[in-house]
Amino acid sequence: MKTLFIVGLRMISLTPRKIINALILTGIFIIIIMPDVVFGLLFELLHFLFELLLEFAHLLFEAVESVLDTLIEHLFDTGLHDTQVIVYYILLAAILYGLFRLSLRIPGICRRAKENLLISWTVYKTRTAVYWQDMTLMKKIKWFAIVVTVLTLYVMFGM
């Protein structure tokens, strides 16, 4: 589906690919112009999501504790203090068992992550080296000029 816009005497067709490219360029431009605002907003969003996750975990823990309190109190006909002690030790045992199971898996996870990181880094270095070697001298000079210009503008206006 193409949308046509008349600009002056020319018609411009907008395909989804052109729209996506325009949005990506707009995002890059905004990040270059206002990095402190963009990264501040990103950090605030991550902070909000982290707080939301902690609040959900707390509510889940309270719900499990409440269910265990009610179950223990009715099954064993205990008082408030005895129920709380039993529930405490049940939760402590469950958490320690979960941590034990996690500690058994951590070395394998770290080993796989290290191997994947090394493979990814090697592939990235190889692709970058091949790309750089295939470029002409003029393209290399253009790349260098673009990088220097962007860094200069960032230092002058971004900080």
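One can find the structure itself at the top, above this paragraph.
Residues numbered from 1 in each chain as written. Predicted model: local features only at pLDDT ≥ 70, side-chain atom pairs only at ≥ 80, totals over all residues. Heavy atoms only, no water.

Overview of the overall build of the protein chain
Check the secondary structure of the protein chain and you find four helices and two strands. Taken from the N to the C terminus, the helices and strands of the protein chain come in the order β-β-α-α-α-α. The C-alpha atoms of the protein chain give a radius of gyration of 29 Å, which is well past the 15 Å a tight globule of 159 residues would have. Dimensions of the protein chain along its principal axes, counting C-alpha atoms only, are 85 × 45 × 40 Å. The contacts in the protein chain between residues at least 6 apart in sequence include a share of 13% that link residues at least 24 apart. Accessible surface for the protein chain amounts to roughly 14300 Å². Of this, 74% is attributable to carbon and sulfur atoms. (Helix = DSSP H or I, 4+ residues; strand = E, 2+ residues; numbered from the N terminus. Rg over C-alpha atoms; globule rule 2.2 N^0.38 Å. Contact = heavy atoms within 4.5 Å. Areas by Shrake-Rupley, 256 points an atom, 1.4 Å probe, with all protein chains shown as cover.)

Quick word on a nonpolar patch on the surface
Judged by side-chain polarity, Ile 20, Ile 24, Leu 25, Ile 28, Phe 29, Ile 30, Ile 32, Ile 33, Met 34, Val 37, Ile 146 and Val 150 come together as a nonpolar surface patch covering roughly 1100 Å² of accessible area. Where the nonpolar patch is concerned, the elements lending two or more residues are α1 (16-33) and α4 (137-158). Tallying contributions element by element places α1 first for the nonpolar patch, with eight residues. Counting through the fold element by element, Ile 146 comes out in helix α4. (Patch = residues over 30% accessible without salt bridge, like charges linked within 9 Å, V, L, I, M, F, W, Y side chains within 5 Å. Salt bridge = Lys/Arg side-chain N within 4 Å of Asp/Glu carboxyl O.)

Digging into a positive patch on the surface
Side chains of Arg 101, Arg 105, Arg 111 and Arg 112 sit close together on the surface and give a patch of like positive charge. Among the structural elements, Arg 105 can be located in helix α3 (residues 80-134). By relative accessible area, Arg 105 is classed as exposed at 54%. (Lys, Arg positive; Asp, Glu negative; His and termini not counted. Charge placed at Lys NZ, Arg CZ, Asp CG, Glu CD. Buried < 20%, exposed > 50% of the residue type's maximum accessible area, 1.4 Å probe, protein only.)

Description of the side chain of Thr 78
Here Thr 78 is to be found in the loop between α2 (35-76) and α3. We classify Thr 78 as buried; its relative accessible area is 18%. Beyond its immediate stretch of four places on either side in the chain, Thr 78 contacts Ile 72, Glu 73, Thr 83 and Ile 86.

Focus on the packing of α2 against α3
In contact at an axis separation of 9 Å, α2 and α3 are set at 130° when each is read in the N-to-C sense. Viewed along their axes, α2 and α3 adopt a mutual orientation that is oblique. The hand of the α2/α3 crossing is right-handed. Side by side, α2 and α3 meet where Phe 61, Val 64, Glu 65, Leu 68, Asp 69, Ile 72 and Glu 73 of the first sit next to Thr 83, Ile 86, Val 87, Ile 90 and Leu 91 of the second. (Axes fitted to C-alpha atoms, helices over the stretch in contact; angles between N-to-C directions. Parallel < 35°, antiparallel > 145°, perpendicular 65-115°, else oblique. Left-handed = near helix turned anticlockwise from the far one by under 90°.)

What about unusual backbone geometry?
The residue Asp 77 is not glycine, and still its phi comes out positive at about 50°. With respect to the helices and strands, the residue Asp 77 is situated in the loop between α2 and α3. Given a relative accessible area of 69%, Asp 77 falls into the exposed group.

Remarks on α3
Under the 1.5 Å per step criterion, the end-to-end length of α3 is 76 Å for 55 residues, consistent within 8% with the ideal 81 Å. The sharpest bend along α3 reaches about 35° and sits at Arg 105, with the proline Pro 107 one to four residues further on. Turning to α3, its buried residues are Thr 83, Val 87, Leu 91 and Gly 108. (Expected span 1.5 Å × (residues − 1). Bend = angle between axes of the 7 residues up to and from the residue.)

A word on the packing of aromatic side chains
As enumerated under the stated definition, the model contains two aromatic pairs in all. Measuring from centroid to centroid gives 5.1 Å for Tyr 88 and Tyr 89, while their planes differ by 75°, and the two rings are edge-to-face. Residue classification places Tyr 88 among the partly exposed positions, given a relative accessible area of 49%. (Phe/Tyr/Trp six-rings, centres within 6.5 Å; stacked < 30°, edge-to-face > 60°.)

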